[in-house]
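Next come the chains, spelled out residue by residue.
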Amino acid sequence: MIPEIGHYALVLALILALVQTFMPLVGAARGQVSWMAVGEPAAIAQFLLCLVSFASLTWAYLVSDFSVLNVVNNSHSLKPLIYKISGVWGNHEGSMLLWVLILTLFGAAVAVFGGNLPRALRARVLSVQAGIGVGFMLFTLLTSNPFERLNPAPVDGQGLNPLLQDPGLAFHPPMLYLGYVGFSMAFSFAIAALIEGRVDPAWARWVRPWTLTAWCFLTGGIALGSWWAYYELGWGGWWFWDPVENASFMPWLAGTALLHSAIVVEKRDALKSWTILLAILTFSLSLLGTFIVRSGVLNSVHSFASDPARGVFILGFLIFVVGGSLLLYAIRAPSLKLGGLFQPMSREGALVLNNLLLATACGTVLVGTLYPLLLDAVTGEKVSVGPPFFNAVFIPLMVPLIGALAVGPLLAWKRGDLAGALQRLKFAAAFALLLAAIAFWLEGKAPLLAPLGMALFGWLVLGALIEWTERIRLFRVPLAESFARARGLPRAAWGMTVAHLGVGLVVLGITASETWQTEKLGIMRPAERVTVGPYEFVFEGARQVAGPNYTALRGRFRVERGGEFVTYLHPEQRRYPVPPMETTEAAIRPTIFSDLYAVIGESDGKGGHATRLYHKPLVSWIWIGSLVMMAGGFLSLSDRRYRVGAPVRRRGAAAQPALPQKA
Amino acid sequence: MKLRPHHIAPVAIFAIVAVFLYWGLYLNPRQIPTALKSKPVPEFELPPVQGRSLGLSSEHLRAGEVTLVNVFASWCVPCRIEHPLLMELHAKEEVTIHGLNYKDPPRQAAAFLDELGDPYSRTGADPTGRVGIDWGVYGVPETFVVTRDGRIACKHIGPLTPNDVRDKIVPLVRALKADPKQEKTC
């Protein structure tokens, strides 16, 4: 009964979404307030219905209702509770339901918190948001119904892929989707603005917090995914340029560009047309990512043949949404008024450079991801584009981006003083050179990655700190006054400094772990000793152990440094009975200085075991840095300008008295 | 209202990409040269498909026997088409065939082999596709001919046809079996 309620609720939500797509839009065009007013209650009701639907599926998982096909395929009665819950979105149908739920959550948020939006804009945003919802609900109901029943019901389920039975991955999809779907807000606002033919600073002030929220979650989601790959796949790597990873990275790059260009719209009323385009592209890339992940078109063109209905539906929807919105852009963008002018060497100019580099980087990833498909279609030649391509083109794009990142915030709006900014960055430059020299001395050899990476780290971190000390005039005025200034600094300014520091930490983590990593592979026998970096690993043997729903081969390594005991590491090779599968559980001892990483493999039958041991200096900073970036985003989000009902609205309205409300 | 080229460019580019994406769905697998040709097989080690006891690793491909490695998945329709040919090759004991099960739910992979027959001496289950990436797997099915010392002599993309087997795979396998130093590829 409960699954049927969920199914029914989803159908009702679809009908509401249809109503919400048309009525507010038509109402806004005709200026009918009563029609526009349909949007808010419809959006809230839609969210509640999707919540009921999602809760019903979760219930079916919790009580292990094996008359539901989806539960049978992805759950098992012996599975720990947390994975029963995460199993809900650990599969195609459930993840689409989660997608829809988050989409309607954002729609409801506009309805609840959008009280100070102009009425017509709010109506149009809600309509566009509901339109996206219609597409996804139809897709879920028609091709991927999670509530499908099975008769007769089997005694037990098939279990969840053990690779997904992991706390890191349990929360990865919801975070990622909050990011992906969050960009739908920027998209809806962009389409609404195109329909109205008007973009102004108030619009940007509305779009920015939504974009920032989505960006924070996407940053967290990607970091979580990469952390999972690091400890669960047992390769010691943390990023593989896999199409699925790229699918989440492209919207991140575009979203980062959007965040920055929206600042220019907000502060200077410029770059409007570009910002609209970025908003459309960011969400389009999220959709493309869904298409790639859900269809498998890139990993294998033929996985499509298995269920053509699904692939063709998503592609059709993609063409309708992306093609339609870009067409609308082509028609309406020329009517957008040009905004403020600025010199190339200015804060705006630096943000344009940021956008150019990020957009190019995003384009590069897109080309690298789609190139095999395009080449095959044109010439019949098949290639796979791997990490060498991405590393070769990505690093040259990131170097100037990070180089400019320290300078940009020191430039004034409209017309900046580059010489002055560089003058103020002289300590950062000196520090960068010093770090590069140390790295070069440590490395000794030719690869320039280490000195370059360390220099960028030094430049960026010190640059961000210098910008901050300039703002609070540290050392120039008495300390108490600096302190007062720091307290008075807007949260958005704090957020920027923190997020930029986070980027620096990520650069540090990547550089150090890629350059100074030590890796030892080989067969080890008990009591054998291997030196890995400054540490010595002593293999103390391996034995079988039993887990809650698996058995495992558990190895034991004693780690010493200079004869002193450091720690024990217990890597596992787990064997799950349902579904039958083996997973590698690397044993990791993370510290802020370095990670010790051990993996154990099969026995060689002669008392030895295949082992992989790593010493990875500073690798944790990749994820700490990502967290810091995310924290910076949330800090900026807490700025009072963005808070609901903040005086912004009055100020915004006062600044634009000449613009009458359209409709 | 005036349309401007730089405003039309995004939708035009997207239109081209969309055409390719659609095209991509219906591409026919074709024989292609592989970057891995004549190179040693990538290092890997995989557990068997559910219900089978022998897993597959790069060790097994270097064991002094000419082998076929067939990449298959239950969701792949062309795999079903070529399957009888593999069964026939297996029955004739022409060559040892190993199966690499690519991105497949374990139960469905097992059901596939239970239903259609199991021509494989060993199977490797690669549910995440990580090993497939190393092998340069592009479209399923794919079939590799591997030499005695574990080098890739041939990569065939797409379903095998009776002609492929008769004119390409079997002659190559026989040549490689007859002369271990044979450098022949396809």
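The structure under discussion appears in the preceding block.
Computed from a prediction, not measured in an experiment: that's the story for all the values here.

**Description of the overall build of chain A**
- Each helix and strand in chain A was counted, giving 23 helices and 10 strands.
- For chain A, whose C-alpha radius of gyration is 27 Å, the value lies close to the compact-globule estimate of 26 Å for 663 residues.
- Counting only C-alpha atoms and orienting by the principal axes, one finds that chain A spans roughly 85 × 75 × 60 Å.
- Burial status across chain A gives 53% buried among its 663 residues.
- Relative to all contacts within chain A whose residues are 6 or more apart in sequence, the contacts with residues 24 or more apart total 74%.

**Let's talk about the nonpolar core**
- In this structure, A:Ala186, A:Phe189, A:Ala279, A:Leu460 and A:Ala598 are the most contacted members of the largest nonpolar core, which totals 203 residues.
- If one sorts the elements of this core by residue count, helix α10 (residues 201-232) of chain A sits on top with 19 residues.
- Excluding residues that lie within four positions of it along the chain, A:Ala186 makes contacts with A:Val207, A:Trp210, A:Thr211, A:Leu258, A:Ala279, A:Thr282 and A:Phe283.
- Counting residues in each nonpolar core, the second largest holds 42 residues, with B:Val49, B:Leu61, B:Val140 and B:Cys154 among its members.

**Things to note about the packing of helix α3 (residues 39-62) of chain A against helix α7 (residues 119-143) of chain A**
All names here are of chain A.
- Two numbers describe how α3 lies on α7: the axes approach to 10 Å, and their chain directions differ by 35°. Classified by chirality, the crossing of α7 by α3 is left-handed. Contact residues: α3 offers Gly39, Ala43 and Gln46, while α7 offers Arg122, Ala123, Leu126, Ser127 and Gly133.
- Considering only residue class, the contact of α3 with α7 consists of 3 nonpolar, 4 polar and 1 charged.

**Points about the sheet that holds strand β7 (residues 152-157) of chain B**
Residue and element names in this part refer to chain B.
- Spatially, 5 strands are ordered β5-β4-β3-β6-β7 in an open sheet, and the strand pairing comes out mixed. Of all strands in the sheet, those bounded by a partner on one side alone are β5 (122-126) and β7. On average, each strand axis in the sheet is tilted by 15° relative to the strand beside it, whichever way the strands run.
- Across the sheet, helix α6 (residues 162-178) touches β6 (142-146) and β7, and the angle it forms with β7 is around 165°.

**A few points about the pairing of strand β5 (residues 564-569) of chain A**
Residue and element names in this part refer to chain A.
- Sheet topology places strand β4 (residues 551-561) next to β5; 5 bridges connect them, and they run antiparallel. Among the inter-strand pairings, Arg558 is bridged to a residue of β5, identified as Tyr568.
- Two successive antiparallel strands, β4 and β5, enclose a turn made up of 2 residues, where Gly562 displays a positive phi of approximately 60°.

**Concerning the environment of A:Cys216**
All names here are of chain A.
- The topology assignment puts Cys216 in helix α10.
- C-beta crowding within 10 Å serves as the criterion here: with 24 such atoms nearby, Cys216 is assigned to the buried category.
- A C-alpha to C-alpha distance of 9.9 Å links Cys216 and Thr256, two positions 40 residues apart in sequence.
- Not counting the four nearest positions on each side in its chain, Cys216 is found in contact with Met630, Gly633 and Phe634.

**Concerning the sheet that holds strand β10 (residues 609-617) of chain A**
All names here are of chain A.
- The 4 strands are arranged β1-β10-β9-β8 in an open sheet whose pairing can be described as antiparallel. Since the sheet does not close on itself, it has two edges, and those belong to β1 (518-524) and β8 (587-590), each with one partner. The average undirected angle you get between the axes of adjacent strands in this sheet is 10°.
- In this structure, strand β9 (residues 594-603) lies alongside β10, joined through 8 bridges in antiparallel fashion. Looking across to β10, one finds that Val599 is bridged to Arg612.

**Overview of unusual backbone geometry**
- Phi angles above zero are rare outside glycine, and A:Lys414 is one such case at about 70°.
- Within the secondary structure, A:Lys414 sits in the loop between α16 (387-407) and α17 (418-424).
- Even without being a glycine, B:Lys103 presents a positive backbone phi close to 50°.
- Here B:Lys103 lies in the loop between β4 (96-102) and α4 (106-116).
- On the basis of neighbour count, B:Lys103 is assigned to the buried category, with 23 C-beta atoms found within 10 Å.

Thresholds applied
Residues numbered from 1 in each chain as written. Chains lettered and ligands numbered in written order. Predicted model: local features only at pLDDT ≥ 70, side-chain atom pairs only at ≥ 80, totals over all residues. Helix = DSSP H or I, 4+ residues; strand = E, 2+ residues; numbered from the N terminus. Rg over C-alpha atoms; globule rule 2.2 N^0.38 Å. Buried ≥ 20, exposed ≤ 12 C-beta atoms within 10 Å, placed from the backbone. Contact = placed C-beta atoms within 7 Å. Core = buried A, V, L, I, M, F, W, Y, C linked by C-beta atoms within 7 Å. Axes fitted to C-alpha atoms, helices over the stretch in contact; angles between N-to-C directions. Left-handed = near helix turned anticlockwise from the far one by under 90°. Nonpolar A, V, L, I, M, F, W, Y, C, P; charged D, E, K, R; others polar. Pairing = 2+ DSSP bridges.

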